[in-house]
Amino acid sequence: MKSSLKKSLYVGLAAVSMLGAAGLATTTASAKSYAYITSSSSLTTAPETRNVVPNGTHALYTKAGTAAGARVVASTSTMGRLGNSSRSNDYFRAYSIATTNRGSVYYKVVSFDGRYRGWIYGGKDKTQFGGGLASTQTTSSASMPAVTTGYTMTRPSYWTLWNNPKYAQYKAHKITGFNTTDTFTITGAETKTREGWVYYQVKDEQNPSITGWIYNLGIKAPEGNQVKISYVDKDTGKEVGTGSVPFDKSATYTNVTTTANLNSIVNGVPSGYVPYDNNNGGSASLANKDNAAVAKNGDTLVYYVKAAATDTTKAIKVNLVDQQGNAITLKSADQTLLDASGAKAAFQVKAGDTISAQDVQNIIQDANLTNLISNSGSSYQFVSASATPTTTSDNGATVNVRATYRVVAY
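All values derive from a computational prediction rather than experimental measurement. (Residues numbered from 1 in each chain as written. Predicted model: local features only at pLDDT ≥ 70, side-chain atom pairs only at ≥ 80, totals over all residues. Heavy atoms only, no water.)

K.L.:
Tell me about the sheet that holds strand β22 (residues 379-385), residues and numbers included.
P.N.:
Spatial ordering of the open sheet is given by β19-β24-β22-β21, a layout of four strands whose pairing is mixed. What marks the edges here is a single partner per strand, and that holds for β19 (315-322) and β21 (371-373). Within the sheet, the average angular offset between the axes of one strand and its neighbour, ignoring direction, is 40°. Judged from the five bridges that link them, β22 and strand β24 (residues 398-407) form a sheet pairing that is antiparallel. Paired with Tyr380 across the strands is Val407, a residue of β24. Sitting on the sheet, helix α6 (residues 357-366) is in contact with β19, β22 and β24, with an inclination near 75° to β24. (Pairing = 2+ DSSP bridges. Helix = DSSP H or I, 4+ residues; strand = E, 2+ residues; numbered from the N terminus. Axes fitted to C-alpha atoms, helices over the stretch in contact; angles between N-to-C directions. Contact = heavy atoms within 4.5 Å.)

K.L.:
Go over helix α5 (residues 332-342), please, and point to the residues and values.
P.N.:
Those residues of α5 not exposed but buried are Asp334, Leu337, Leu338, Ser341 and Gly342. All buried residues of α5 lie within an arc of 130° about the axis, which places them on one face of the element. If you follow the buried residues of α5, they end up packed against β11 (184-192), β12 (198-204), β19, α6 and β21. (Buried < 20%, exposed > 50% of the residue type's maximum accessible area, 1.4 Å probe, protein only. Arc of directions from axis to C-beta.)

K.L.:
Describe unusual backbone geometry, and please don't skip the residues or the numbers.
P.N.:
Its identity is not glycine, yet Tyr167 carries a phi of approximately 65°, on the positive side. With respect to the element layout, Tyr167 can be found in the loop between β10 (152-153) and β11. Since its relative accessible area comes to 33%, Tyr167 is described here as partly exposed.

K.L.:
How would you explain the packing of α5 against α6 if you had to name every residue and give the values?
P.N.:
Remark: α5 packs on α6, axes separated minimally by 8 Å, with the N-to-C direction vectors making an angle of 130°. On the basis of the axis angle, α5 is oblique to α6. Here α5 and α6 pass one another in a crossing that is right-handed. Where α5 approaches α6, its residues Leu338, Ser341 and Gly342 are matched on the opposing element by Ile363, Ile364 and Asp366. Of the residues belonging to the contact of α5 with α6, the class tally is three nonpolar, two polar and one charged. (Parallel < 35°, antiparallel > 145°, perpendicular 65-115°, else oblique. Left-handed = near helix turned anticlockwise from the far one by under 90°. Nonpolar A, V, L, I, M, F, W, Y, C, P; charged D, E, K, R; others polar.)

K.L.:
Would you mind going over the side chain of Thr99 in detail, with residue names and values included?
P.N.:
For Thr99, the location among the structural elements is in strand β5 (residues 92-100). Here Thr99 falls in the buried class, since its relative accessible area comes to 12%. The contacts of Thr99, once residues within four sequence positions are left out, are Tyr36, Ile37, Thr38, Ser39, Ser104, Val105 and Lys126.

K.L.:
Lay out the packing of aromatic side chains with the relevant residues and their values.
P.N.:
In the structure shown here, the tally under the stated rule is twelve aromatic pairs. With centroids separated by 5.7 Å and ring planes inclined at 65°, the aromatic side chains of Tyr106 and Tyr121 adopt a geometry described as edge-to-face. Taken as a pair, Tyr106 in strand β6 (residues 105-111) and Tyr121 in strand β7 (residues 117-121) lie far apart in primary sequence, 15 residues in all. Between Phe112 and Tyr170 the ring centres are 6.4 Å apart and the planes differ by 40°, which places this aromatic pair in the tilted class. Residue Phe112 is found in the loop between β6 and β7, and its partner Tyr170 is found in the loop between β10 and β11; the two are separated by 58 residues along the sequence. Judged by its relative accessible area of 19%, Tyr170 is buried. Between the NZ or CZ atom of Arg155 and the centre of the ring of Tyr158, over which it lies, the distance is 4.3 Å. Positioned over the ring face of Tyr276 is Lys306, at 5.8 Å from the centre of the ring. (Phe/Tyr/Trp six-rings, centres within 6.5 Å; stacked < 30°, edge-to-face > 60°. Lys NZ or Arg CZ within 6 Å of the ring centre and 35° of its normal.)

K.L.:
If you had to explain the pattern of salt bridges to someone new, which residues and values would you point to?
P.N.:
Scanning the entire structure with this criterion turns up five salt bridges. Salt-bridge contacts for Asp113 lead to Arg87; the nearest nitrogen and oxygen are separated by 3.8 Å. One end of the pair, Asp113, is in the loop between β6 and β7; the other, Arg87, is in the loop between α2 (76-83) and β5, with 26 residues separating them in the sequence. A salt bridge links Lys317 to Asp339; the shortest N-O distance between them is 3.0 Å. Residue Lys317 is found in strand β19, and its partner Asp339 is found in helix α5; the two are separated by 22 residues along the sequence. Classification of Lys317 by relative accessible area gives partly exposed; the value is 27%. Taking relative accessible area as the criterion, Asp339 reaches 32% and is therefore assigned partly exposed. (Salt bridge = Lys/Arg side-chain N within 4 Å of Asp/Glu carboxyl O.)

K.L.:
Account for the sheet that holds strand β9 (residues 139-141), naming residues and giving values.
P.N.:
Spatial strand order, β9-β11-β12-β13: four strands in an open sheet with antiparallel pairing. The open sheet is flanked by β9 and β13 (211-215), the only strands paired with a single partner. With direction set aside, neighbouring strand axes in the sheet form an average angle of 40°. Two elements, β11 and β12, share seven bridges in a ladder whose sense is antiparallel.

K.L.:
Which residues make up α6, and what values do they have?
P.N.:
Three or more residues of α6 are buried, namely Asp359, Val360, Asn362, Ile363, Ile364 and Asp366. The inward-facing, buried residues of α6 abut α3 (259-267), β19, α5, β20 (354-355), β22 and β24. Downstream of α6 by a residue or two, Asn368 has a phi angle that is positive, lying close to 55°.

Given below as structure tokens:
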């Protein structure tokens, strides 16, 4: 009996030993099955280039989904719902990237409303979004109104200024420092992709350093007096279009040659035509500048235009430098305005002609950047521009020119 008991004990110990070894092997194999991070870093490209939407194929996790301890933050169905949402709040911004030992790429993302934050599989290519994400544009270009100056706010306590169209970028915020009774010039227009709402970019006419975005119902065009603009082809003498410049009903006259009014007139030049003479911000195309300086309600001013040439530059890219030749980096919104002005047909030259210093100054004035605050917060004032010759090969091309600014100390 003792022999039998001893034999049974040996068999039992052996079985326990085998089970323990098997359990250890299983634990080891399971541990080895987890992925681990081999590199990680913050994303440094322009924030708007990192706006993404989930496609519902992968969930959002507290860490890389295949890493040990990863927990689900939002399921695939939730991510799919957010990807198909009609609200801009549900877009995501990617801000960190990590690569695992298996070559998988994961992005850390946060929803625009801050409700969801975590890691999501992004494919195998670090140069583009993939896997459970796709790049997206939260806004698209919208048409500018015919009248761009003298706008007032309709319900400032309800619709106010934002640094970006409301919720169209992560951490979009309200802008302060202006009076709700100020007047504004419209300098840009965007449509929110998901909601379809139009937002206008405006610049405070009493405080030009303040620029922001406002819902289109949040501002209204000026009411009262206006001057009619007759666009006349100087070569044929025929009227090819009309426009108007509004001004306050309490004023007895307006100066149409001011920068804001001239920009409105130039922007209203009929398609297929350009100002006849771009000098002095385009005022040289006015048939009578003396009358234009004291235009009264109901007056009609002739603005000469000419047919747009077909063998011209495509755009004039203005590069800003200080007086030591160092590049000046503009705020994103100001750079967009400058590039848009430089691409207007009104400012293009015939391929082979010289882009004059005045041409460059006209572009800067059109963008309202004679005085500016750079991305670093320094104040600058326009000083001069360089003439740049073009060649016939510049037909349809973008030509780089240079403008010099001086630092303004306050």
